[in-house]
Amino acid sequence: MKKPIFTGSAVAIVTPFKERGVDLEALGALLDFQLENGTDAIVVCGTTGEASAMTYQERAETIEFCVRHVGGRVPVIAGSGSNATENAVTLSREAELRGADGLLVVTPYYNKATQAGLLRHYRIIADAVSLPIILYNVPSRTGVSIAPETYAALANHPNILGVKEASGNLGNIQRTRSLCPEDFYIWSGNDDETVPICALGGKGVISVVANVLPAEMRRLTQLCLKNDFAAAGELQVHLKDFCDAMFCEVNPIPVKTTLELLGWRVGELRSPMCPPTPENLERIKTSLAQYGLMV
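The structure contained in this document is the topic of the report that follows.

1. What to know about helix H10 (residues 229-245)
Next up, step 1: Taking 1.5 Å per residue as the helical rise, H10 with its 17 residues ought to reach 24 Å, and the 24 Å between its terminal C-alpha atoms agrees with that figure.
Next up, step 2: Bending of H10 peaks at approximately 40° at the position of Leu 239.
Next up, step 3: All of the buried residues along H10 are Ala 232, Leu 235, Gln 236, Leu 239, Phe 242, Cys 243 and Ala 245.

What follows is the structure, encoded as structure tokens:
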């Protein structure tokens, strides 16, 4: 039986940039903050990490740095998806070479693969590496969604561990749970759906909000894993306005803006990302004040 690579709260960590390249010193400080606050896993070079705006060399070096800095204290999961299968294989093999503990592989974007195409894509990647793979279903960004029946077909592959579900379709998540074996694990990909997905058997969350509130997101998932859904529900509702503020514009615009406001050195967003509108900047500041993070 396959084991989950982590349970609880994994941070989809931002990538701090300098004028040229990645600011590894600043990344190290962010990693320390996460580890000090109990984060259960680090997801590097994902959507929140602006991987699609990084070179392959930058991605490889950033993964390797995270692995070295974390030093085995928690798993490091590397984003290695691409809309071209061979590119995804290259990125996945490189992440494995650099020491990642697992892979997060998004569905092919723009191509809009059929379900048969998704099966072929993921099987080719999974055959090419020995690391556990978490599929990533986020149709709002990719234009394609993995069907529950496709999950069931992929669940039998020894390297395919489960899915980060960010479709917002709780009906499909229920059907996935009913069709797939017990060792096909589901993690929430939306901070504000952590409790309902955990109530359906999910193992936690891969979180954007944890960049700012790591201890709170870990507490939320621990309550869920202890089946204290009354307390978890209260905390989820308490965090809802903050979650909404972190998605008032395309991720990672709000969360990187927030970290800068709080004094973290994360650098500018890489084009085509850009700073938030003045209205949304005020919304972010208001939310920080409401949660006692900024006066």
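Structure shown, so let's carry the discussion forward.
2. Quick notes on the pairing of strand S5 (residues 133-137)
Next up, step 1: Among the five residues of S5, five are classified as buried, and the element is accordingly described as predominantly covered.
Next up, step 2: A two-sided burial pattern is seen for S5, the buried positions comprising Ile 133, Leu 135 and Asn 137 on one face and Ile 134 and Tyr 136 on the other.
Next up, step 3: In the sheet, strand S4 (residues 102-106) pairs with S5 via four bridges, with the strands oriented parallel. Residue pairing across strands places Val 105 opposite Leu 135, the latter belonging to S5.
Next up, step 4: With respect to chirality, the unit in which S4 leads through helix H4 (residues 115-128) into the neighbouring parallel S5 is right-handed.
Next up, step 5: Bridge analysis of S5 against strand S6 (residues 160-165) gives five bridges, and the strand direction is parallel. Paired with Asn 137 across the bridge in S6 is Glu 165.

3. Remarks on helix H9 (residues 214-225)
Next up, step 1: End to end, H9 covers 17 Å across twelve residues, agreeing with the expected 16 Å (1.5 Å per residue, within 8%).
Next up, step 2: For H9, the set of buried residues is Pro 214, Met 217, Leu 220, Thr 221, Leu 223 and Cys 224.
Next up, step 3: Looking one or two residues past H9, Asn 227 carries a phi angle of roughly 65°, positive in sign.

4. Describing the packing of helix H11 (residues 253-261) against helix H12 (residues 278-290)
Next up, step 1: Close contact between H11 and H12 brings their axes to 10 Å; oriented N to C, the two are set at 60°. In this view, H11 runs oblique relative to H12, as classed from their interaxial angle. Handedness of the H11/H12 crossing: right-handed. Taking contact as the criterion, the partners of Pro 254, Thr 257, Thr 258 and Leu 261 in H11 are, on H12, Leu 281, Ile 284, Lys 285 and Leu 288.

5. Overview of empty space enclosed by the protein
Next up, step 1: Taken as a whole, this structure holds one cavity of 30 Å³ or more when the rule is applied.
Next up, step 2: One number sums up the size of the largest cavity: a volume of about 40 Å³.
Next up, step 3: Lining the largest cavity are Tyr 56, Arg 59, Ala 60, Ile 63, Gly 79, Leu 91, Glu 94 and Ala 95.
Next up, step 4: Elements with a minimum of two residues in the lining of the largest cavity: helix H2 (56-70) and helix H3 (85-97).
Next up, step 5: Top contributing element to the lining of the largest cavity by residue count: H2, with four residues.
Next up, step 6: For the lining of the largest cavity, the residue count by class is five nonpolar, one polar and two charged.

6. Overview of the layout of surface pockets
To find the voids left in a structure, one rolls a probe of water-molecule size over its atoms.
Next up, step 1: Of the voids in this model, the largest pocket is the one considered here, and its volume is about 550 Å³.
Next up, step 2: Together, 26 residues line the largest pocket, and Thr 47, Ala 51, Ser 52, Tyr 109 and Arg 141 are the ones closest to its centre.
Next up, step 3: Listed by contribution, the elements that provide at least two residues to the lining of the largest pocket are H2, S4 and helix H5 (139-142).
Next up, step 4: The computed volume of the second largest pocket comes to approximately 350 Å³.
Next up, step 5: Every residue lining the second largest pocket is counted, 19 residues in all, and those nearest its centre are Ser 140, Ala 166, Gly 189, Asn 190 and Phe 247.
Next up, step 6: For the lining of the second largest pocket, the secondary structure elements donating two or more residues are H5 and H10.
Next up, step 7: In terms of residue class, the lining of the second largest pocket is built from seven nonpolar, six polar and six charged.

7. Here's the deal with the pairing of strand S3 (residues 76-79)
Next up, step 1: Alternating positions in S3 separate into two faces, Val 76 and Ala 78 on one and Ile 77 and Gly 79 on the other, with burial throughout.
Next up, step 2: Bridge count between strand S2 (residues 41-44) and S3: three bridges; the pairing is parallel. Among the inter-strand pairings, Ile 42 is bridged to a residue of S3, identified as Val 76.
Next up, step 3: Traced from S2 through H2 to S3, the parallel crossover comes out right-handed.
Next up, step 4: Taken together, the three bridges between S3 and S4 define a ladder with parallel strand orientation. Among the inter-strand pairings, Ile 77 is bridged to a residue of S4, identified as Gly 102.
Next up, step 5: In this region the chain leaves S3, passes through H3 and returns to the parallel neighbour S4; the handedness of that crossover is right-handed.

What counts and how
- Residues numbered from 1 in each chain as written.
- Predicted model: local features only at pLDDT ≥ 70, side-chain atom pairs only at ≥ 80, totals over all residues.
- Heavy atoms only, no water.
- Helix = DSSP H or I, 4+ residues; strand = E, 2+ residues; numbered from the N terminus.
- Expected span 1.5 Å × (residues − 1).
- Bend = angle between axes of the 7 residues up to and from the residue.
- Buried < 20%, exposed > 50% of the residue type's maximum accessible area, 1.4 Å probe, protein only.
- Pairing = 2+ DSSP bridges.
- Right-handed = clockwise from strand over helix to strand, strands pointing away.
- Axes fitted to C-alpha atoms, helices over the stretch in contact; angles between N-to-C directions.
- Parallel < 35°, antiparallel > 145°, perpendicular 65-115°, else oblique.
- Left-handed = near helix turned anticlockwise from the far one by under 90°.
- Contact = heavy atoms within 4.5 Å.
- 1 Å grid on protein atoms, 1.4 Å probe; cavity = no way out; pocket = protein on both sides within 12 Å on 5 of 7 lines; lining within 4 Å.
- Points joined across faces, edges and corners; volume = space filled by probe spheres on them.
- Nonpolar A, V, L, I, M, F, W, Y, C, P; charged D, E, K, R; others polar.

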